[in-house]
Amino acid sequence: MNGFSTRAIHAGQAFDPTTGAVIPPVYQTSTFVQKSVGDLREGYEYTRGTNPTRDALQELIADLDGGNHGFSFASGLAAEDAILRALLQPGDHVLMGNDVYGGTHRLVNQILAAWGVELSTVEMSDVEAVRSAIKSNTKMLWVETPSNPLMKISDIEAVAAVGHESNLTVVVDNTFATPALQTPLALGADIVVYSATKYLGGHSDVLGGLVVTSSEEIAQRLASSSSLLARFRLRGRSS
Ligand SMILES: Cc1ncc(COP(=O)(O)O)c(C=O)c1O
């Protein structure tokens, strides 16, 4: 396998088949022409579902994180919202670290609470405290490491193992470390989420959110809920 630096500039970056452009163009189109109704030309229909530029980005982040499926969103919080709403139901409980990004806490505590999702927080660096805080309705463990703002560090491998003992979905917000420094899927996480607005963007000129998973079931649920009515073609990584 190529090294990280090579993959960071080449993964998902096939040349454009129409013109031979070596850098994937930005396809600024909402809709794609069909041969006849429902008979797609190159598999693309409507950009909320799929778009070649997003496909390139999604393949890139999936490669860098060692996952099978990547998803891109308009912001980190949009990515988080998609995960939470795709996988939780009213009555479910989420256990988060006690120093996650404020917007993440508010998203569950203020917005999803109205739909019956319950939240509590725990010192995520204390594995036994995590074990004790899991309740009968806990469905998701949300780990942000390093955390924002206090830069608390959690042991992803240890807390993922504890979460899986109770069949929880383990989500790691890897915004601060990026796959250059930490690959949570290899440590047992089920989902990695990013605010690409930060170090992945790198220049304070873009908002974005990314999600990576190797679970087919999670990928299907995320795809169908986040693309809403558009037909979503779930593309695994080609390599
Ligand atoms: C760790 C972390 N996760 C998620 C977010 C939310 O991302 P966005 O601002 O792209 O919606 C932020 C934003 O500061 C963050 O620091």
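Residues numbered from 1 in each chain as written. Predicted model: local features only at pLDDT ≥ 70, side-chain atom pairs only at ≥ 80, totals over all residues. Heavy atoms only, no water.

(A) Geometry of the environment of Phe15. Checked against the element boundaries, Phe15 lands in the loop between α1 (4-10) and β1 (34-36). Sequence spacing of Phe15 and Pro25 is 10 residues, and the spatial spacing of their C-alpha atoms is 9.2 Å. Excluding residues that lie within four positions of it along the chain, Phe15 makes contacts with Gly20, Ala21 and Val22. (Helix = DSSP H or I, 4+ residues; strand = E, 2+ residues; numbered from the N terminus. Contact = heavy atoms within 4.5 Å.)

(B) Focus on the side chain of Asp92. Inspection of the secondary structure puts Asp92 in the loop between α3 (76-87) and β4 (93-97). Separated by 3.3 Å, the side chains of Asp92 and Lys139 make a polar contact. Those residues within four positions of Asp92 in sequence are excluded, and the remaining contacts are Leu87, Gly116, Val117, Glu118, Asn137 and Lys139. (Polar contact = N/O pair within 3.5 Å; in protein donor to acceptor, adjacent residues only side chain to side chain.)

(C) How the structure looks around the sheet that holds strand β3 (residues 69-73). Read across the open sheet, the seven strands follow the order β3-β9-β8-β7-β6-β4-β5; overall the sheet is mixed. Looking along the sheet, the strands with just one partner apiece sit at the ends: β3 and β5 (118-122). Neighbour-to-neighbour, the strand axes of this sheet turn through a mean angle of 20°, independent of strand direction. Contacting β4, β5 and β6 (138-144), helix α4 (residues 102-111) crosses the sheet at an angle of about 145° to β5. Sheet strands in contact with helix α8 (residues 216-226) are β3, β7 (169-173), β8 (191-195) and β9 (209-213), and its direction is about 25° off that of β3. (Pairing = 2+ DSSP bridges. Axes fitted to C-alpha atoms, helices over the stretch in contact; angles between N-to-C directions.)

(D) View of the side chain of Gln182. Within the secondary structure, Gln182 sits in the loop between α7 (178-181) and β8. Looking at Gln182, its side chain comes within polar contact range of the side chain of Asn174, at 2.8 Å. The contact partners of Gln182, leaving out residues within four places of it in the chain, are Asp65, Thr145, Ile156, Asn174 and Ala177.

(E) Fine view of empty space enclosed by the protein. Taken as a whole, this structure holds two cavities of 30 Å³ or more when the rule is applied. Estimates place the volume of the second largest cavity at around 70 Å³. Residue composition of the lining of the second largest cavity, grouped by class: four nonpolar, five polar and four charged. (1 Å grid on protein atoms, 1.4 Å probe; cavity = no way out; pocket = protein on both sides within 12 Å on 5 of 7 lines; lining within 4 Å. Points joined across faces, edges and corners; volume = space filled by probe spheres on them. Nonpolar A, V, L, I, M, F, W, Y, C, P; charged D, E, K, R; others polar.)

(F) Structural detail: the pattern of salt bridges. Under the criterion given, the structure shown has eight salt bridges. Salt bridges here are not isolated pairs; linked through shared partners, they connect Glu128, Arg131 and Glu165. (Salt bridge = Lys/Arg side-chain N within 4 Å of Asp/Glu carboxyl O.)

(G) Up close: unusual backbone geometry. Omega for the bond connecting Thr145 with Pro146 falls within 30 degrees of zero, at -5°, which places this linkage in the cis form. By the element assignment, Pro146 lies in the loop between β6 and α6 (156-165). Cis geometry marks the peptide bond from Asn148 to Pro149; its omega dihedral reads 20°. The backbone of Met151 shows a phi angle near 60°, a positive value even though the residue is not glycine. For Met151, the location among the structural elements is in the loop between β6 and α6. Positive phi, normally seen in glycine, also occurs at Ser204, with a value near 55°. Within the fold, Ser204 resides in the loop between β8 and β9. Residue class for Ser204 comes out exposed when judged on its relative accessible area of 76%. (Buried < 20%, exposed > 50% of the residue type's maximum accessible area, 1.4 Å probe, protein only.)

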